[in-house]
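Spelled out, the chains give:
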Amino acid sequence: MARGKKSSTAGNPSVTPLAVPGSARATAPLRELLRFHPGTPLNSLDPAGTPGFPGRGKNDAAEITAVVGPVLSEWQERLFAEGRSEADAPRLLVVLQGLDTSGKGGVVRHVFGLVDPQGLHLASFKQPTPIEQSHHYLWRIRKALPGPGMIGVFDRSHYEDVLVVRVNQLVPAGIWQQRYDEINRFEAKLKDQGTTIIKCFLHIDKKEQGERLLARVHDPTKYWKYSVNDVAVRHQWQAYAEAYQEALDRCSTDHAPWFVIPSNRKWYRNWAVANLLLEHLEAMDPQWPPAHFDIDQEIERIRTA
Ligand code: AMP
Ligand code: MG
């Protein structure tokens, strides 16, 4: 069918998407390289590693990541356009988890800053409010899920309910222990309903966290990021390591795998999340919706109006 004619097909595959040149692509798909396989000890994964990075290091990173921006942006717009034309259009959900200073905010700013904000649905999950407390822990999560064509970004998530809640014993063990299976069922249902889920654990080591916390207390432009509670959480490093290990072991599934993003190097972290997002969008392959009108007739109507 000629491009632009009124069509009843699902999309416009005739319009070739922008592509990232081979020299800026990961040396192997990050969705394989960074995928967490249950049973892998987290402490065997190097937080300072740079798996798949095609350049030499930090000096190349800004340039290589910049190449990805316009491509990511086009895929996101395609997805958004699908969402405007089909009620059951696909959705994408990115879950960001990691200890204080691991860079959840940095990823939001540097990676999701590359795409059109109107296609994003950002949600950050803090200590539950009294109203949230009065509901099931998934209540606030369900309310924040991305709609058709949207990219949802969770800065913390339902995983806090098996992390901080477990470490600080905020509910009895019998309760949080049931949540792993419940989360798997919840995510499987989301996937069935058309949501692709990318779960990123931003992996830093204790030394790196110490330096970042010190940077926050030394720098007047970073005081606002510091919480006096961060030190108490740092004391619980080992308990969090165990809680993350179990969350990833039990909830890295085929329908919603976990990815471990080495995050000691901020430039690698940003590049990796941007490329993981790109790989998923490419696989989703959203198409520009076809014209829902007769093009020749509309040209005529516009000319004579
Ligand atoms: P931040 O992300 O630094 O703004 O901090 C948010 C705080 O909210 C962290 O200390 C989290 O552990 C806490 N938080 C998030 N979700 C929950 C939850 N479900 N229960 C208790 N604390 C939570
Ligand atoms: Mg904090």
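Residues numbered from 1 in each chain as written. Chains lettered and ligands numbered in written order. Predicted model: local features only at pLDDT ≥ 70, side-chain atom pairs only at ≥ 80, totals over all residues. Heavy atoms only, no water.

J.: Which residues make up the packing of helix H8 (residues 179–192) against helix H11 (residues 237–251), and what values do they have?
T.: Two elements in contact, H8 and H11, have axes separated by 10 Å at closest approach and are oriented at 45°. One way to sum up the angle between H8 and H11 is to call them oblique. The way H8 lies across H11 gives a crossing that is right-handed. Between H8, through Tyr180, Asp181, Ile183, Asn184 and Glu187, and H11, the contact on the second element is made entirely by Glu246, Ala247, Arg250 and Cys251. Residue composition of the contact of H8 with H11, grouped by class: four nonpolar, one polar and four charged. (Axes fitted to C-alpha atoms, helices over the stretch in contact; angles between N-to-C directions. Helix = DSSP H or I, 4+ residues; strand = E, 2+ residues; numbered from the N terminus. Parallel < 35°, antiparallel > 145°, perpendicular 65-115°, else oblique. Left-handed = near helix turned anticlockwise from the far one by under 90°. Contact = heavy atoms within 4.5 Å. Nonpolar A, V, L, I, M, F, W, Y, C, P; charged D, E, K, R; others polar.)

J.: Which residues make up the site of ligand 1, and what are the values?
T.: Taken together, Asp100, Phe125, Lys126, Gln127, Pro128, Arg140, Arg156, Glu160, Asp161, Val164, Val165 and Leu170 make up the full set of residues adjacent to ligand 1. Taking Lys126, its side chain carries an N or O atom lying 2.5 Å from an oxygen atom of ligand 1. Within the contact set of ligand 1, a nitrogen atom lies 3.2 Å away from a side-chain nitrogen or oxygen of Asp161. Here ligand 1 has 500 Å² of accessible area as a free molecule, and 76% of this is covered by the chains. Within the shell around ligand 1, the residues separate by chemical class into five nonpolar, one polar and six charged. (Near = heavy atom within 4 Å. Polar contact = N/O pair within 3.5 Å; in protein donor to acceptor, adjacent residues only side chain to side chain. Areas by Shrake-Rupley, 256 points an atom, 1.4 Å probe, with all protein chains shown as cover.)

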